[in-house]
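Structural overview for review
For reference, the chains in residue letters:
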Amino acid sequence: MSRPIRTPRAPLTLLSAALLAALSTLAACGGGGSDAADEVLDADTATSYGANAALLSGDAATALDTSVLAAQSVVATQATVAAAHEAAQRVSASAVTNLTVDCAGGGTALLTIAGGSAGSVLNGQLDTGEVYTLAFMDCRGAAGAAVVNGALELTVLEATAGTLSVTTEATGLSVALPRGSASLNGITTRSVSSTTDGNGTTQLTSHFTSPSLALTTHYNGRTGNFTLSAADITRQATLVNGVLQASSINGTHTLSATLPSGSSSYTVATQGSATYDAAGLPTGGAWTITLPRVAVGLSIADALATITVDQGKDGTIDRRVTVPVSRLASDAG
């Protein structure tokens with residue numbers, strides 16, 4: 001009678017060692033579900049974080065300012081047209097509902113105004129208590145200004161000479177920027193003051209806060225989806241005849257990204273004011289980028305960006321890289 005063939009058993013200790021080795025290898029490869037914040041941050045990833053930190057909040061603030069300026073231009077144009085119509089027809093208008101208005105720099109906007117009085121609705125200015133609903137269609141607030149599309153609802157909290165406080169709700173609000181388009185969805189509270197001299201130069205100071213503002217970018221042939229939360233940003237801008245010349249921002253926000261390469265979230269704070277040229281590229285400034293276990297520093301001067309990585313946030317710089325600002329423009333979004 002033949003005996004069954006028995007396969008020799010590995011000792012239990014050998015199996016345990018092999019299992020532990022396999023688990024260690026899996027964890028090292030990220031298969032164990034380790035937090036990305038525990039990983040060593042390489043120079044390329046740090047540069048990408050720096051690019052988004054430096055550019056995206058500036059783009060969001062620029063898009064907000066551009067759309068509100070376009071709205072103010074539309075309101076002023078509508079009032080001028082209405083006054084001419086009243087003079088010709090000898091009929092007083094008292095309401096604005098779904099009225100198509102030609103934008104000063106091209107395109108159109110569909111405008112509805114609620115609240116206020118008959119006189120204030122048609123005075124061409126934003127007045128306390130009024131609510132403006134606009135749908136922009138390739139609208140430019142001035143010749144040469146950025147093109148705006150999408151919807152904006154604007155509620156005037158307070159309006160005085162040279163100052164304005166509003167809440168805005170953006171829905172698919174898209175602004176064409178030199179590097180591509182930026183689209184906003186969400187609610188902000190915004191205050192702004194401005195002065196314009198006899199040469200058409202406007203100095204604009206705006207401050208906006210938002211608990212959560214969705215930003216979609218279309219830059220360099222790719223799409224990025226971001227959320228700016230706990231945003232508290234002040235922007236100063238110089239415009240000539242409604243066209244942006246330069247700007248600066250300072251403030252803080254948390255930036256969350258959902259990209260093909262993965263997801264990330266970190267807080268961003270400027271150190272003083274960061275400056276930008278007419279195309280929205282940073283020309284100077286410093287930022288701190290804080291992750292759970294890593295601190296990234298970014299400084300820009302002389303068309304160069306220096307990125308530092310403090311792994312473990314112990315005050316020691318573990319790696320440093322310097323790249324042209326153009327690299328930030330290509331990495332952002």
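All values derive from a computational prediction rather than experimental measurement. (Residues numbered from 1 in each chain as written. Predicted model: local features only at pLDDT ≥ 70, side-chain atom pairs only at ≥ 80, totals over all residues. Heavy atoms only, no water.)

Overview of the pattern of salt bridges
So the rule is basically this: Basic side-chain nitrogens of Lys or Arg form a salt bridge, by our definition, when they fall within 4 Å of a carboxyl oxygen of Asp or Glu. We count a stretch as a helix when DSSP gives it H or I for four or more residues in a row; a strand needs E for two or more, and each element gets its number in order from the N terminus. Relative accessibility thresholds used throughout: buried, under 20% of the residue-type maximum; exposed, over 50%; partly exposed, between the two (1.4 Å probe, protein chains only).
In this structure the tally under the stated criterion is five salt bridges. A salt bridge links Asp-59 to Arg-179, with the shortest nitrogen-to-oxygen separation between them at 2.6 Å. Of the two residues, Asp-59 is situated in helix H2 (residues 43–89) and Arg-179 in the loop between strand S5 (163–177) and strand S6 (180–196); the sequence distance between them amounts to 120 residues. With respect to burial, Asp-59 and Arg-179 carry one shared label: buried. Notably, a salt bridge pairs Asp-65 with Arg-235, separated by 2.5 Å at the nearest N-O pair. Of this pair, Asp-65 sits in helix H2 while Arg-235 is found in strand S8 (residues 222–240), placing the two residues 170 residues apart along the sequence.

A few points about the layout of surface pockets
Defined as follows: Both cavities and pockets are sets of points on a 1 Å grid over the protein atoms alone; in a cavity a 1.4 Å probe fits but cannot get out, in a pocket the set is open with protein on both sides within 12 Å along at least five of seven lines, and lining residues sit with an atom within 4 Å of a point. Grid points are joined across faces, edges and corners, and a volume is the space filled by probe spheres set on the points. Under the scheme applied, nonpolar residues are Ala, Val, Leu, Ile, Met, Phe, Trp, Tyr, Cys and Pro; charged residues are Asp, Glu, Lys and Arg; polar residues are all the others, including Gly.
The calculated volume of the largest pocket comes to roughly 970 Å³. Around the largest pocket, the lining is made up of 48 residues, and of these Asp-65, Leu-69, Ala-70, Leu-204 and Leu-239 lie nearest the centre. The set of elements that each furnish at least two residues to the lining of the largest pocket consists of H2, strand S4 (148–160), S5, S6, strand S7 (201–219), S8 and strand S9 (243–259). No other element matches H2, which puts eleven residues into the lining of the largest pocket. Looking at side-chain class alone, the lining of the largest pocket contains 21 nonpolar, 21 polar and six charged residues.

Quick word on the state of the cysteines
The test is simple: The criterion for a disulfide is a pair of cysteine sulfur atoms lying within 2.5 Å.
Inspection of every chain in the model, using the stated rule, returns one disulfide. Disulfide pairing places Cys-103 opposite Cys-139 at an S-S distance of 2.1 Å. Between Cys-103 and Cys-139, the S-S dihedral sits near -110°, and the bridge is therefore left-handed. With Cys-103 in the loop between strand S1 (96–102) and strand S2 (108–114) and Cys-139 in strand S3 (residues 131–139), this pair connects stretches of sequence that are 36 residues apart. Residue class for Cys-103 comes out buried when judged on its relative accessible area of 8%.

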